[in-house]
Amino acid sequence: MKIALIAHDKKKKEIIRISKEYEEILSKHELFGTGTTGTKIMKATDLKIHLFKSGPLGGDQQIGARVSEGEMDMIIFLRDPLTSQPHEPDVNALIRLSDVYEIPLATNKSTAILLFKELENLAKNRLS
Ligand SMILES: O=C(CO)COP(=O)(O)O
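These numbers come from a predicted model, not from an experiment. (Residues numbered from 1 in each chain as written. Predicted model: local features only at pLDDT ≥ 70, side-chain atom pairs only at ≥ 80, totals over all residues.)

Engineer: Where do I start with the environment of Leu105 in this structure?
Structural biologist: Within the secondary structure, Leu105 sits in strand E5 (residues 105–106). C-beta crowding within 10 Å serves as the criterion here: with 21 such atoms nearby, Leu105 is assigned to the buried category. Remark: the alpha-carbon pair of Leu105 and Asp9, spanning 96 residues in sequence, is separated by 18 Å. Sequence-distant contacts of Leu105, defined by excluding residues within four places in its chain, comprise Ile75, Phe77, Ile95 and Ser98. (Helix = DSSP H or I, 4+ residues; strand = E, 2+ residues; numbered from the N terminus. Buried ≥ 20, exposed ≤ 12 C-beta atoms within 10 Å, placed from the backbone. Contact = placed C-beta atoms within 7 Å.)

Below, the structure is given as structure tokens:
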């Protein structure tokens, strides 16, 4: 699967923590990320992540374009609901496109973990 990993600044520690925890399953997939999030996860893990631009500089839009082209299967986007973002329209556009194309998108850690567990289940069922 093609999976995008994105987190707002106050959620970066969280996305790094869950990426480490689920590194084994994530390593079996093709990973993408916005610039800063992807770089930080790569520094903290052995995961390889294709980097787009930083979110405020168009990274969310680049991922949205992939969604519209059928080139993204899952998005983990840990949003900070307590801080206003200069690129809020881009954030909303990405979430909207994920709904248009029915791409699973987690906006918080609990949902992200459920999706990662589902990836593990899918991998187990494929082997059995
Ligand atoms: O702002 C973001 C998503 O809207 C994340 O971008 P960065 O990973 O570049 O910080």
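Engineer: What exactly am I supposed to notice about the site of the ligand here?
Structural biologist: In the neighbourhood of the ligand, 13 residues make up the surrounding shell, with Thr34, Thr36, Thr37, Ser54 and Gly55 lying closest. Those elements that place two or more of their residues in the shell around the ligand are helix H3 (35–44) and helix H4 (59–68). Looking at which element gives the most residues to the shell around the ligand, the answer is H3, with three residues. Looking at the shell around the ligand residue by residue, the classes come out as three nonpolar, nine polar and one charged. (Near = placed C-beta within 6 Å. Nonpolar A, V, L, I, M, F, W, Y, C, P; charged D, E, K, R; others polar.)

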